[in-house]
Amino acid sequence: MSSESALSAHLLSSLFLSVLETMASVVLKTFAGLRRSSDNSHQFPVQKPAKVHFRKARIVASRTCPKLSNRNLRVAVIGGGPAGGSAAETLAKGGVETILIERKLDNCKPCGGAIPLCMVGEFNLPLDIIDRKVTKMKMISPSNVAVDIGRTLKPYEYIGMVRREILDAYLRDRAAENGAKVINGLFMKMDMPKVQNAPYVLHYTEYTGTKGGVGEKKTVEVDAVIGADGANSKVAKSINAGDYEYAIAFQERIKIPDEKMAYYENLAEMYVGDDVSPDFYGWVFPKCDHVAVGTGTVTHKGDIKKFQLATLNRAKDKILGGQIIRVEAHPIPEHPRPRRLSGRVALVGDAAGYVTKCSGEGIYFAAKSGRMCAEAIVEGSENGKRMVDESDLRKYLKKWDKTYWPTYKVLDVLQKVFYRSNPAKEAFVEMCADEYVQKMTFDSYLYKTVTPGNPLDDLKLAFNTIGSLVRANALRREMEKLSS
Amino acid sequence: MSISMAAMFSASASLAPSSSHWYTHKPLFSLGPRRQSSVILAAASGDNGGSGVAISVAEQTPKVEAANGSVASASASASGEEEASVAVLNSFKDPRWVNGTWKLKQFEKDGKTDWDAVIDAEVRRRKWLEDNPESSSNDNPVVFDTSIIPWWAWMKRFHLPEAELLNGRAAMIGFFMAYFVDSLTGVGLVDQMGNFFCKTLLFMAVSGVLLIRKNEDIETIKKLIEETTFYDKQWQATWQDDIRKD
């Protein structure tokens, strides 16, 4: 497929890339076995290859798809963030009876708030929900070497900074306009169906009217559920999806004086270093009229406040005179849950764990996975006329893994190589000064695809990367000699 | 504004006083005139001399300098010296570090740049910054790039000694392996090179010397191999489910 080979001409060395290519092709081949039969009562034999490779091939056993006689398919979307909103919209447009359950309609989810350019086009977002268009980024190494990236951006390219409450509300309202029913309620638990094709019974507490009211317990029966309720997903708990490792992201919103705010007009900063975070980065992102300064970590969650102090210190000159207006934190999943699908319940977005490594980007992937899952349901149910079953939902997983696994893998490799230690972070910042790197990085980030790079440039990049890493590590060994 | 900020900051960062210590001392006693006139993002700490600091934090900026003066002069010599020395250690200072990079002219020896000295200076700077992280500033940006040091300087300093070590190890292992095989089988060195098994042994010896340089490397290599496929396993996990539910 062109996307894999194109993606394989991504950032690092051509060695990495060829290894990835072979891995991807092995992975994809075994998927050829998954088929759906349109015949009701056939039982296909299950094939299992003798050796366990990357994935085991399996032919779907049977498919019962009774036509729904007097109603459309009912699907509940739990969670009204980007994933839930876009899933509900696609379902409603596809003729499925949709309800969207969201616990807090004005929730300001703690978030970096960065969306890639392609999201604006793909989801038809109006430009007024974008507070700021970031066109420059500054990467700052542990020894304060500062590199500006963004020279290669075209005039119409930018990273959009949004306020989550605005984006989420817009997507939910659009879903409601298309026919989804938005309910302000908190999902509590669900009862699994006892018989095949029996509905799921969802228990939730609906909040009506009075502020501070306790809300009334309600239940609703649905045929399928999309769990889009974020990192602490209750839906995931209900289906025993398993746990994932997560990072803690801690952020302080700081209102800084206007002349300092002008510096952050369309610039975001990334600070790397062991003082700021041992396995992630610290950031200063401009929001509508203030900046968000934060950091995150997976392995040293207890020291997060120390890391935050270090980030504030590194940015001190530029945020001096600022006033902290809000402190917030949230977990960020590091990898997908062991089980993203069970029966007719599927997880999307943060609930499934679709956050990339290295950059921690989640909004676009949440919205896209919500849409993809909804599309699979709409297609499997033939616009809401038939019942769906697990194999229809598995198609969404298959499509998702095929489209985006290379992206996730490359970012994972980057994180493993460049966030490993201070010398690696120095090398990372040095590499970012290279124009080819900037172009490839932004192209892949903004459009979520990669135009094939020049193999000669890739080779040069490989040499430069290895050179940077070697130099930085050599300097570090000398540093250790100094301290001993 | 500074009062509310100090209050908010101390409320939000409920940490032991020692870790916010650099906030109180650094900005107040800094050398640069710019810093003294700006409002500080700091919380009062309980360090010695901190009581004087606490008073000055709450007041407006002009009074900060006056309080500084009075605290510095009134305090005992010991604490005064300590604060003075803290002030000196405030930021990285080196006569050859100019405008965010190393001035290569200062490293000249016999008309040519002494690259080893540049490397030493950069090492010292990085060590300093690791122990005392500094704020990155737009007015004094750091623009030093290690690639200005030519490749042969790196080779000479780092690669050659390591290469000597590894070649020495390989030579010793090779000599004794050749002797050992010869004594066991009677096959001489030249004939050994023609034998496939011996060539395999040679390959293993060379790669062993290259990859395993310290005892810890064996564990590191095992962990690395596991690491390369760990993320993939996490992604596959949901498909294992598909098989089990047969």
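Residue positions are counted from 1 within each chain, in the order its sequence is given. Note on labels: chains are lettered from A, ligands numbered from 1, in written order. Totals for whole chains, interfaces and linings use every residue, but because this is a predicted model, local features are given only for residues with pLDDT of at least 70 and side-chain atom pairs only at 80 or more, for both listing and counting. The basis for the side-chain values is all heavy atoms of the structure; hydrogens and waters are excluded.

## What about the overall build of chain A?
Counting from the N terminus, the helices are DSSP H or I runs at least four residues long and the strands are E runs at least two residues long. The number of helices and strands found in chain A is 14 helices and 18 strands. For chain A, with 484 residues in total, the buried portion stands at 60%. Long-range pairs, those at least 24 residues apart, make up 72% of the contacts in chain A between residues at least 6 apart in sequence. The accessible surface values rely on the Shrake-Rupley method and a 1.4 Å probe; as for residues, cover is taken only from the protein chains in view. Of the accessible surface of chain A, which amounts to about 19100 Å², a share of 56% is contributed by carbon and sulfur atoms. Relative accessibility under 20% of the residue-type maximum defines a buried residue, over 50% an exposed one, and the middle range a partly exposed one, all with a 1.4 Å probe and only protein chains included. Two residues qualify as a contact provided that any one of their heavy atoms is within 4.5 Å of a heavy atom in the partner residue.

## So, a nonpolar patch on the surface
Residue and element names in this part refer to chain B. Here, patches come from residues exposed beyond 30% relative accessible area and free of salt bridges, joined within 9 Å for like charges and within 5 Å for nonpolar side chains (Val, Leu, Ile, Met, Phe, Trp, Tyr). Any carboxyl oxygen of Asp or Glu that lies within 4 Å of a side-chain nitrogen of Lys or Arg is treated as forming a salt bridge with it. Residues Leu-189, Met-193, Leu-202, Val-206, Leu-210, Leu-211, Ile-212 and Ile-218 make up a contiguous nonpolar surface patch of roughly 700 Å² in combined accessible area. Contributing elements (two or more residues each) for the nonpolar patch: α9 (189–194) and α10 (196–211). Ranked by the residues each element gives to the nonpolar patch, the list is headed by α10, at 4 residues. Its location among the elements puts Met-193 in helix α9. On the basis of relative accessibility, which here comes to 39%, the residue Met-193 falls in the partly exposed class.

## Concerning the pattern of salt bridges
Residue and element names in this part refer to chain A. Evaluated as defined, the whole model comprises 44 salt bridges over all chains. Ionic pairing is found between Lys-368 and Glu-122, a salt bridge with its closest N-O pair at 2.9 Å. Here the residue Lys-368 occupies a position in helix α10 (residues 363–380), and Glu-122 occupies one in helix α4 (residues 117–122), the gap between them amounting to 246 residues. You can call Lys-368 buried: its relative accessible area is 16%.

## Thoughts on the side chain of A:Arg344
Residues and elements named next belong to chain A. The topology assignment puts Arg-344 in the loop between β17 (341–342) and β18 (345–347). Here Ala-198 takes part through its backbone oxygen, which lies 2.9 Å from a polar atom of the side chain of Arg-344. With residues near it in sequence (within four places) discarded, Arg-344 still touches Pro-193, Asn-197, Ala-198, Tyr-200, Asp-223, Ala-224, Val-225, Met-387, Val-388, Asp-389, Glu-390 and Leu-393. Polar contacts here mean pairs of N or O atoms no more than 3.5 Å apart (in protein, one a potential hydrogen donor and the other a potential acceptor; neighbouring residues in sequence count only if both atoms are side-chain atoms).

## Here we look at the confidence of the model for chain A
Residue and element names in this part refer to chain A. On average, chain A scores 84 in pLDDT, and the residues at 70 or more come to 85%. By definition, pLDDT measures how confident the predictor is in each residue, and it falls between 0 and 100. The low-confidence segment residues 1–15, where pLDDT is below 50, has 42 contacts with residues more than four positions distant or belonging to other chains. Overall, residues 56–62 carries pLDDT values under 50, and its contacts beyond four positions in sequence, including any with other chains, amount to 30 contacts.

## Concerning helix α8 (residues 151–185) of chain B
To get the bend at any residue, fit one axis to the seven residues that end at it and another to the seven that begin at it, then take the angle between the two axes. Along α8(B), the sharpest change in direction is near 40° and occurs at B:His159; proline B:Pro161 comes one to four residues later. Those residues of α8(B) that fall on the buried side of the exposure criterion are B:Ala153, B:Trp154, B:Arg157, B:Phe158, B:Ala163, B:Leu166, B:Ala178 and B:Val181. Looking at the buried side of α8(B), the elements it contacts are α14 (455–483) of chain A together with α7 (115–131), α9 and α10 of chain B. B:Gly186 sits one or two residues past α8(B) and shows a positive phi near 80°.

## A closer look at the sheet that holds strand β14 (residues 282–286) of chain A
All names here are of chain A. By the convention used here, strands pair only if DSSP detects at least 2 bridges between them. An order of β6-β5-β13-β14-β15-β12-β16 is seen for the 7 strands of this open sheet, with the pairing classed as mixed. A strand with exactly one partner marks an edge of an open sheet, and here the two such strands are β6 (146–149) and β16 (323–333). The average undirected angle you get between the axes of adjacent strands in this sheet is 20°. In terms of strand pairing, strand β13 (residues 267–271) meets β14 through 3 bridges, oriented antiparallel. In the sheet register, Met-270 faces β14, and the bridge partner there is Trp-283. Lines fitted to the C-alpha atoms define the axes, with helices restricted to the stretch that makes contact. Angles between their N-to-C directions range from 0 to 180 degrees. Seen against the sheet, helix α12 (residues 422–432) touches β5 (136–140), β6 and β13 and runs at an angle of roughly 150° to β5.

## Side note on the environment of B:Val187
Residues and elements named next belong to chain B. Within the secondary structure, Val-187 sits in the loop between α8 and α9. Judged by its relative accessible area of 29%, Val-187 falls in the partly exposed class. Those residues within four positions of Val-187 in sequence are excluded, and the remaining contacts are Asp-182 and Gln-192.

## Overview of the packing of α10(A) against helix α11 (residues 390–418) of chain A
Residue and element names in this part refer to chain A. The N-to-C vectors of α10 and α11 enclose an angle of 150°; their axes lie 8 Å apart at closest approach. The pairing of α10 with α11 is recorded here as roughly antiparallel in orientation. As α10 runs across α11, the sense of the crossing is right-handed. In contact with Tyr-364, Phe-365, Lys-368, Ser-369, Met-372, Cys-373, Glu-375, Ala-376, Ile-377 and Gly-380 of α10, α11 contributes Asp-392, Leu-393, Tyr-396, Lys-399, Trp-400, Thr-403, Tyr-404, Thr-407 and Tyr-408. Side-chain classes follow a simple rule in which Ala, Val, Leu, Ile, Met, Phe, Trp, Tyr, Cys and Pro form the nonpolar group, Asp, Glu, Lys and Arg form the charged group, and the remainder, Gly included, forms the polar group. Classifying every residue of the contact of α10 with α11 by side-chain character gives 11 nonpolar, 4 polar and 4 charged. Convention used here: angles under 35 degrees read as roughly parallel, angles over 145 as roughly antiparallel, angles from 65 to 115 as roughly perpendicular, and any remaining angle as oblique. The crossing is said to be left-handed when, going from far helix to near helix, the turn is anticlockwise and less than a right angle, and right-handed when the turn is clockwise.

## Here's the deal with the pairing of strand β15 (residues 291–297) of chain A
Residues and elements named next belong to chain A. Of all the 7 residues making up β15, 7 are buried; the element is thus mostly covered by neighbouring parts of the structure. Burial along β15 is two-sided: the residues Val-291, Val-293, Thr-295 and Thr-297 and Ala-292, Gly-294 and Gly-296 are all buried. Judged from the 7 bridges that link them, strand β12 (residues 246–255) and β15 form a sheet pairing that is antiparallel. Along β15, the bridge assignment pairs Gln-251 with Gly-294. Hairpin connection from β14 to β15: 4 residues lie between these consecutive antiparallel strands.

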